[in-house]
Amino acid sequence: MAEMTGDATHDGARLLDEVEGEGTAEAWMNLCLSQGGVVLATPWVFFLAYPQPDAERELYVAYAYGDLRSVGAAGRMCLESGRYDRMSFRRGFGSGRDEEERRVYNLAELVERTERLAQRVSRWK
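Predicted model only: the values in this text are computed from it and were never measured.

Asker: Tell me what's going on with the pattern of salt bridges, and back it up with residues and numbers.
Answerer: Summed over all chains, the structure comprises 2 salt bridges. Of the charged contacts, one joins Asp 11 and Arg 14 as a salt bridge, the two residues approaching to 3.5 Å between their closest N and O atoms. Of this pair, Asp 11 and Arg 14 both sit in helix 1 (residues 8–20), 3 residues apart, which is roughly one turn of the helix. A salt bridge links Asp 85 to Arg 57; its shortest N-O distance comes to 2.8 Å. Of this pair, Asp 85 sits in the loop between helix 3 (68–80) and strand 4 (86–89) while Arg 57 sits in strand 3 (residues 55–66), and the two are 28 residues apart along the sequence. Residue classification places Arg 57 among the partly exposed residues on the basis of a relative accessible area of 41%.

Asker: An account of the nonpolar core is needed here, citing residue identities and associated values.
Answerer: Judged by nonpolar contacts, Val 38, Val 45, Phe 47, Ala 49, Leu 59, Val 61, Ala 74, Cys 78, Tyr 84, Met 87, Phe 89 and Leu 110 together constitute the single largest core of 12 residues. Secondary-structure elements contributing two or more residues to this core are strand 2 (45–52), strand 3, helix 3 and strand 4. For this core, the element with the most residues is strand 2, which contributes 3 residues. Ala 49 has contacts with Cys 32, Gly 37, Val 38, Leu 59, Tyr 60, Val 61 and Ala 62, leaving out every residue within four places of it along the chain. Core analysis: the next-biggest nonpolar cluster, separate from the first, contains 11 residues, Trp 28, Cys 32, Leu 48 and Tyr 50 among them.

Asker: Hey, could you go over helix 1 for me, with residue numbers and the actual values?
Answerer: Over its 13 residues, helix 1 extends 17 Å from the first C-alpha to the last, a length consistent with the 18 Å expected when each residue adds 1.5 Å. Buried within helix 1 we find Ala 8, Asp 11, Gly 12, Leu 15, Leu 16 and Asp 17. Packed against the buried residues of helix 1 are helix 2 (24–34), strand 2 and strand 3. Gly 21, located one to two residues past helix 1, shows a positive phi value of around 120 degrees.

Asker: Tell me about the confidence of the model for the chain, and please be specific about residues and values.
Answerer: Taken residue by residue, the chain gives an average pLDDT of 78. The fraction at 70 or more is 80%. The least confident element of the chain, judged by mean pLDDT, is strand 5 (residues 103–106) at 56; the most confident is strand 1 (residues 38–41) at 90. Low confidence marks residues 92–96, where pLDDT is under 50. Its contacts with residues over four positions away, or in another chain, come to 8 contacts.

Asker: Summarise the pairing of strand 2; cite the residues concerned and give the values.
Answerer: Counting buried positions along strand 2 gives 8 out of 8 residues, so the element sits mostly inside the fold. Taking the residues between adjacent antiparallel strands as the criterion, strand 1 and strand 2 are bridged by 3 residues. Two elements, strand 2 and strand 3, share 8 bridges in a ladder whose sense is antiparallel. Bridge pairing in strand 3 links Tyr 50 to Tyr 60. Hairpin remark: strand 2 followed by strand 3, antiparallel, with 2 residues in the connecting loop.

Procedures and definitions
- Residues numbered from 1 in each chain as written.
- Predicted model: local features only at pLDDT ≥ 70, side-chain atom pairs only at ≥ 80, totals over all residues.
- Heavy atoms only, no water.
- Salt bridge = Lys/Arg side-chain N within 4 Å of Asp/Glu carboxyl O.
- Helix = DSSP H or I, 4+ residues; strand = E, 2+ residues; numbered from the N terminus.
- Buried < 20%, exposed > 50% of the residue type's maximum accessible area, 1.4 Å probe, protein only.
- Core = buried A, V, L, I, M, F, W, Y, C linked by side-chain atoms within 4.5 Å.
- Contact = heavy atoms within 4.5 Å.
- Expected span 1.5 Å × (residues − 1).
- pLDDT = per-residue confidence, 0-100.
- Pairing = 2+ DSSP bridges.

Take a look at the structure:
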């Protein structure tokens, strides 16, 4: 695994390319943008998502990298846009493990849990 720089914009794209193959980050960013999705690339969070083709109010998160607080804030922004009711995503890209297949969550519940977890983690530091 490549050494992390602490800049999620760079590290997120590099990790995605490393796991899925060179050029994947650029291809997914273009896919998300062309589908009217969400692309956040800041030093704190790298977040790629697009609406499901058969369910416009379900947001498919293709990739998310960053600290929990920032990922939670990205989810909160998506929720507050009023465009999405649900979020789905797959963990362990390319792992092939059944337990890591696509999962669907209520977006409000997922954001709330992520924010609570981020608060607990920040208290541990």
